[in-house]
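# Secondary and tertiary structure notes
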Amino acid sequence: GAGVSQTPSNKVTEKGKYVELRCDPISGHTALYWYRQSLGQGPEFLIYFQGTGAADDSGLPNDRFFAVRPEGSVSTLKIQRTERGDSAVYLCASSLRAGGDTQYFGPGTRLTVL
Amino acid sequence: TQLLEQSPQFLSIQEGENLTVYCNSSSVFSSLQWYRQEPGEGPVLLVTVVTGGEVKKLKRLTFQFGDARKDSSLHITAAQPGDTGLYLCAGGDTPLVFGKGTRLSVIA
């Protein structure tokens, strides 16, 4: 596709459940980023990949959060034992390379934990 | 930790008015970016400023980077309803640090 796509667009789950959020970056972009945006806040960095490897995961809040990008394209953000505080919009972005290239954002996945 | 403070948090104005929103930090940034985000969408990059004192114009939007590269402003001339949205500033390279944004509403 022409832009970054994210699925699902909305996800409602119950506290304690496991969820996976998917991001399809722009074709050819080697860098992929995950952000979390809570209500009334700006995006907060979680993790970014350069190729298949996580170059910086310092923004992941705890070990319930994990992300993979096994083939250097699609990425999945995985959240275990979800908590109500995890409710937010999860944004994915991609750029040609890391380190200053323009990041193009997807529309986000709105996660609601009941 | 680099932080970006944006003000005002909310702004509601009439069509045709001018406005300025601000992005401030105690840290020096190599560059600052301005994004606009509409409901249900991700942020879209408007401009990147790199040089202290730099001024960039995008139609009715004027962006300025402070001389010390710690602050930036966005001025909109003759605002239109289509300018409504969340304006975010972000700094750094990787990872980007975002401010909380200014939510602008332009009333026809």
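I will try to describe carefully the structure that is included in this document. (Residues numbered from 1 in each chain as written. Chains lettered and ligands numbered in written order. Predicted model: local features only at pLDDT ≥ 70, side-chain atom pairs only at ≥ 80, totals over all residues. Heavy atoms only, no water.)

### Section: the interface of chain A and chain B
The interface of chain A with chain B comprises 19 residues on the first partner and 16 residues on the second. The contact between chain A and chain B buries some 1300 Å² in all, and 57% of this surface belongs to carbon and sulfur atoms. For chain A, the biggest contributors to the area lost against chain B are Pro43(A), Gln103(A) and Phe105(A); these three give 29% of the whole. Joining chain A to chain B, the criterion identifies zero salt bridges. The tally of links between chain A and chain B comes to two residue pairs in polar contact (both at pLDDT 80 or more). Looking at the side of chain A that touches chain B element by element, the count peaks at three residues for strand S4 (residues 31–37) of chain A. Of the residues that constitute the side of chain A that touches chain B, the class distribution is nine nonpolar, nine polar and one charged. (Contact = heavy atoms within 4.5 Å. Buried area = accessible area lost by both parts, 1.4 Å probe. Salt bridge = Lys/Arg side-chain N within 4 Å of Asp/Glu carboxyl O. Polar contact = N/O pair within 3.5 Å; in protein donor to acceptor, adjacent residues only side chain to side chain. Helix = DSSP H or I, 4+ residues; strand = E, 2+ residues; numbered from the N terminus. Nonpolar A, V, L, I, M, F, W, Y, C, P; charged D, E, K, R; others polar.)

### Description of the environment of Cys23(B)
Turning to its location among the elements, Cys23(B) is positioned in strand S3 (residues 19–24). Those residues in contact with Cys23(B), other than ones at most four positions away along the chain, are Leu4(B), Glu5(B), Gln6(B), Leu32(B), Trp34(B), Lys70(B), Asp71(B), Ser72(B) and Cys89(B).

### What about unusual backbone geometry?
The residue after Thr7(A), namely Pro8(A), is reached through a cis peptide bond having omega -10 degrees. Relative to the helices and strands, Pro8(A) is located in the loop between strand S1 (5–7) and strand S2 (10–13). With omega at -10 degrees, the peptide bond leading from Ser7(B) into Pro8(B) counts as cis. Mapping Pro8(B) onto the fold places it in the loop between strand S1 (5–7) and strand S2 (10–14). The phi dihedral of Lys59(B) falls on the positive side, at around 55 degrees, and the residue is not glycine.

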